[in-house]
Amino acid sequence: MHQESFLSLLRSLADLNEKVLQLTQRMEQPSSESLTYSVEQTAKILGISRSKLYDLLHRPDFPVVDIGHRKLIPRRQLEQWLDQQLQNGCEVNHLTG
């Protein structure tokens, strides 16, 4: 009887662990409804490394908001900035130049 209870408890714990992992993954993925993105989220969205994104953050035309020690990238302004880069015929290789 104790062995069945123990196995049931282990199954419940494994299920709970899986749910926590799924929730964590969802929290790490940027939502299209987010007002701002973190540096990590923005790099992931753009498909570039964090160091390349930090290069972009130093450009005067790149949208960034400093809140304390955090840098946040406003979603709408990022979309506008990307549209502007496409209109200007900017190649991806030259985004950080």
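In this text, all values refer to a predicted model and were calculated from it rather than measured experimentally. In this convention, every chain numbers its residues from 1, walking through the sequence in written order. Whole-chain, interface and lining totals are the exception, using all residues; otherwise, since this is a predicted model, local features are given only for residues with pLDDT of at least 70 and side-chain atom pairs are given and counted only at 80 or more. Excluding hydrogens and water, the side-chain figures rest on all heavy atoms present in the structure.

**A few points about the overall build of the protein**
1) Next: For helices the rule is a DSSP run of H or I covering at least 4 residues; for strands it is a run of E covering at least 2, with both sets numbered from the N terminus onward. Secondary structure summary: the protein contains four helices and three strands in total.
2) Next: Listing the helices and strands of the protein from first to last along the sequence gives α-β-α-α-β-β-α.
3) Next: Relative to all contacts within the protein whose residues are 6 or more apart in sequence, the contacts with residues 24 or more apart total 46%.
4) Next: Using a 1.4 Å probe, accessible areas were evaluated by the Shrake-Rupley method; residue-level cover was limited to the displayed protein chains. Surface exposure of the protein reaches about 7,800 Å², of which carbon and sulfur atoms provide 53%. Whether two residues are in contact is decided by their heavy atoms, any of which lying within 4.5 Å being enough.

**Concerning the side chain of Arg59**
1) Next: Along the polypeptide, Arg59 turns up in the loop between helix H3 (50-57) and strand E2 (65-67).
2) Next: At a separation of 2.8 Å, a polar atom in the side chain of Arg59 contacts the side chain of Asp61. We define a polar contact as two N or O atoms separated by no more than 3.5 Å, with the added condition that, inside protein, one atom must be a possible hydrogen donor and the other a possible acceptor, whereas residues neighbouring each other in sequence contribute only through side-chain atom pairs.

**Thoughts on the packing of helix H2 (residues 39-46) against H3**
1) Next: Orientation of H2 relative to H3, taken along the N-to-C sense of each, is 105°, at an axis distance of 9 Å. As judged from the angle between their axes, H2 and H3 are roughly perpendicular. Where H2 abuts H3, its residues Val39, Glu40, Thr42, Ala43 and Leu46 lie against Arg50, Leu53, Tyr54, Leu56 and Leu57.
2) Next: For this classification, the nonpolar set comprises Ala, Val, Leu, Ile, Met, Phe, Trp, Tyr, Cys and Pro, the charged set comprises Asp, Glu, Lys and Arg, and every other residue, Gly included, is treated as polar. Partitioned by chemical class, the residues of the contact of H2 with H3 number seven nonpolar, one polar and two charged. Only C-alpha atoms enter the line fits that serve as axes; for helices the fit covers just the stretch in contact. Angles between N-to-C directions range over 0 to 180 degrees. Under this scheme an angle from 65 to 115 degrees is roughly perpendicular, one under 35 degrees roughly parallel, and one over 145 degrees roughly antiparallel; angles in between are oblique.

**Description of the pattern of salt bridges**
1) Next: What counts as a salt bridge is simple: a side-chain nitrogen of Lys or Arg found within 4 Å of a carboxyl oxygen of Asp or Glu. In total, this model carries four salt bridges according to the counting rule given.
2) Next: Residue Asp61 pairs with Arg59 through a salt bridge whose shortest N-O separation is 2.8 Å.

**Brief notes about H3**
1) Next: With a 1.4 Å probe rolled over the protein chains alone, any residue whose accessible area is under 20% of its type maximum counts as buried; one over 50% counts as exposed, and the rest are partly exposed. For H3, every residue scored as buried is listed here: Leu53, Leu56 and Leu57. Burial along H3 is one-sided: seen end-on, the buried residues are contained in an arc of 105°.
2) Next: Summarising the contacts, the buried residues of H3 are in contact with H2, strand E3 (70-74) and helix H4 (75-87). Directions from the helix axis toward the C-beta atoms define the arc.

**Quick word on H2**
1) Next: Within H2, burial applies to Val39, Gln41, Thr42 and Ala43.
2) Next: Immediately beyond the C-terminal end of H2, within one or two residues, lies Gly47, with a positive phi of roughly 70°.

**Some words on the side chain of Thr42**
1) Next: Among the secondary structure elements, Thr42 is positioned in helix H2.
2) Next: Ignoring sequence-local partners within four residues, the contact set of Thr42 consists of Tyr37, Leu53, Ile73 and Leu78.

**A word on the packing of aromatic side chains**
1) Next: Two aromatic rings, drawn from Phe, Tyr or Trp (for Trp, its six-membered ring), form a pair once their centres lie within 6.5 Å of each other, and the interplanar angle then sorts them: stacked below 30 degrees, edge-to-face above 60, tilted otherwise. This model, assessed by the stated rule, comprises one aromatic pair.
2) Next: Judged by centre distance (4.8 Å) and plane angle (80°), the ring pair of Phe62 and Trp81 falls under edge-to-face. With a gap of 19 residues between them, Phe62 in the loop between H3 and E2 and Trp81 in helix H4 connect regions that are remote in the sequence.
3) Next: Overall, the relative accessible area of 4% leaves Phe62 in the buried class.
4) Next: On the basis of relative accessibility, which here comes to 3%, the residue Trp81 falls in the buried class.

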